[in-house]
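The primary structure of each chain is shown beneath.
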Amino acid sequence: MTTSPMLERHVPTMQDLPPLPGFSDAPRTGRIPLLAIVFAIGLALFITVDPPRPWILLAVTALVALGADGILRSHPRGEFHTIADTSPHLFVPVLFSLSAGLFLEDVVLGYWAAPTVVGAGALMGAALYAEHISVEPQSESYPGARFVLNVVTYLTAFGFYAVVYGFDVELLPAAFAVGLVSMLLSVEIFREAEADPIRALVFAAVIGVIVGEARWVLYFIPLDGFLAGVFLLLVFYLTTGVISHYLTDHLEHSVVAEFALVTAAGLAIVIGGRVLG
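A. Focus on unusual backbone geometry. The omega torsion of the bond from Asp50 to Pro51 falls at 0°, within 30 degrees of zero and hence cis. Assignment of secondary structure puts Pro51 in the loop between helix H3 (31-48) and helix H4 (54-73).

Pasting the structure below:
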């Protein structure tokens with residue numbers, strides 16, 4: 001018995017159809033706003049509950065780490081097989097979550113909580129998008145992503161420095177915490193400049209030691225919390241910037257002069273605040 005030619009024609013399945021432009025990117029990047037919203041809700045809960053519940057911030061940070069890890073692993077050009085592969089990309093989102101929670105809980109009062117939480121959630125979303133883009137250095141958006149990551153990195157560092165100093169943590173634990181955070185954040189900055197992960201980790205450890213020693217120096221030069229945070233941020237900015245340009249062979253006289261000018265302006269702010277305060 002013969003069948004109709006119409007019945008013998010191949011009926012295309014969903015797998016045979018070409019993907020719509022940009023549709024394949026939606027599942028993995030669509031989780032970024034959701035994760036940023038979850039972070040903002042958890043952050044709002046942490047800074048509004050009195051007395052503060054540290055487990056809330058730790059739970060939010062764990063969710064950020066797990067969510068960011070899943071987003072990075074779904075990148076089509078990423079070769080992430082273990083946590084060791086994704087960990088360099090996780091330092092900024094995870095540490096920003098902790099820094100934002102501790103800093104805002106310490107300084108934000110009343111109705112200012114709402115806009116600051118929204119701003120922190122937006123920064124988290126921007127950092128996650130930037131981390132996702134930075135997996136592919138050939139992307140046209142890569143320079144912008146690196147700029148966003150650098151900004152969030154320095155904001156995270158400032159928040160930690162100000163909180164550790166303002167909470168009157170003992171000198172040795174404070175220097176260790178500042179040095180450790182500085183080292184981990186330096187990994188993000190050197191990830192672009194140094195291809196060898198071991199060499200980048202060595203330079204990051206050097207940064208951690210330098211900033212930790214700077215915190216030790218502040219024991220003999222008492223400053224207010226914000227001024228101490230600015231001082232430590234200047235040390236972190238100067239050392240990471242100079243080493244980063246050295247690793248990329250861009251350490252020219254104009255670059256050194258630029259860092260010197262920014263450092264001098266920052267020190268003027270610190271000294272002026274100390275004198276006037």
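B. Just the nonpolar core, in detail. Core analysis: the largest hydrophobic core is formed by 67 residues, its most contacted members being Phe39, Phe190, Val211, Leu223, Phe231 and Phe236. Secondary structure elements with two or more residues in this core: H3, H4, helix H5 (83-107), helix H6 (113-134), helix H7 (142-166), helix H8 (171-193), helix H9 (197-217) and helix H10 (225-247). No other element matches the ten residues that H7 contributes to this core. Those residues within four positions of Phe39 in sequence are excluded, and the remaining contacts are Val60, Val64, Phe96, Ser97, Ala100, Ala120, Gly121 and Met124.

C. Quick peek at the confidence of the model for the protein. Across the protein, pLDDT averages 84, with 88% of residues at or above 70. With pLDDT under 50 throughout, residues 1-27 is counted as low confidence; its partners more than four residues away or in other chains account for three contacts.

D. The packing of H9 against H10, seen in detail. Taken N-terminus to C-terminus, the directions of H9 and H10 make an angle of 155°; their axes are 10 Å apart at the nearest point. Classified by the angle between their axes, H9 and H10 sit roughly antiparallel to one another. Where H9 crosses over H10, the two elements pack in a sense that is right-handed. Within the contact between the two elements, H9 uses Arg199, Phe203, Ile207, Ile210, Val211, Ala214 and Arg215 and H10 uses Phe231, Leu232, Val235, Phe236, Thr239, Thr240, Ile243, Tyr246 and Leu247.

E. Highlighting the packing of H5 against H6. Here H5 crosses H6 at 170°, and the two axes come no closer than 9 Å. By the criterion of interaxial angle, the relationship of H5 to H6 is roughly antiparallel. For the pair formed by H5 and H6, the contact residues are His89, Val92, Pro93, Phe96, Ser97 and Leu104 on the first element and Thr116, Ala120, Leu123, Met124, Leu128, Glu131 and Ser134 on the second. Residues that form the contact of H5 with H6 fall into these classes: eight nonpolar, four polar and one charged.

F. Quick look at the pattern of salt bridges. Inspection of every chain in the model, using the stated rule, returns four salt bridges. Close ionic contact of Asp69 with Arg73 constitutes a salt bridge, the shortest N to O distance being 2.6 Å. Linking Asp69 with Arg73, this pair stays in helix H4, spanning four residues, or about one helical turn. On the basis of relative accessible area, Arg73 is assigned to the partly exposed category, the value being 33%. With a closest N to O distance of 2.6 Å, Glu188 and Arg146 form a salt bridge.

G. Geometry of the packing of aromatic side chains. For the structure shown, the criterion picks out ten aromatic pairs. With centroids separated by 5.6 Å and ring planes inclined at 65°, the aromatic side chains of Tyr154 and Tyr237 adopt a geometry described as edge-to-face. With Tyr154 in helix H7 and Tyr237 in helix H10, the pair connects residues that are 83 residues apart, well separated along the chain. Tyr154 sits in the buried class, given a relative accessible area of 18%. Of the aromatic side chains, those joined through ring pairs into one cluster are Tyr154, Tyr161, Phe236, Tyr237 and Phe259.

Cut-offs and rules
- Residues numbered from 1 in each chain as written.
- Predicted model: local features only at pLDDT ≥ 70, side-chain atom pairs only at ≥ 80, totals over all residues.
- Heavy atoms only, no water.
- Helix = DSSP H or I, 4+ residues; strand = E, 2+ residues; numbered from the N terminus.
- Core = buried A, V, L, I, M, F, W, Y, C linked by side-chain atoms within 4.5 Å.
- Buried < 20%, exposed > 50% of the residue type's maximum accessible area, 1.4 Å probe, protein only.
- Contact = heavy atoms within 4.5 Å.
- pLDDT = per-residue confidence, 0-100.
- Axes fitted to C-alpha atoms, helices over the stretch in contact; angles between N-to-C directions.
- Parallel < 35°, antiparallel > 145°, perpendicular 65-115°, else oblique.
- Left-handed = near helix turned anticlockwise from the far one by under 90°.
- Nonpolar A, V, L, I, M, F, W, Y, C, P; charged D, E, K, R; others polar.
- Salt bridge = Lys/Arg side-chain N within 4 Å of Asp/Glu carboxyl O.
- Phe/Tyr/Trp six-rings, centres within 6.5 Å; stacked < 30°, edge-to-face > 60°.

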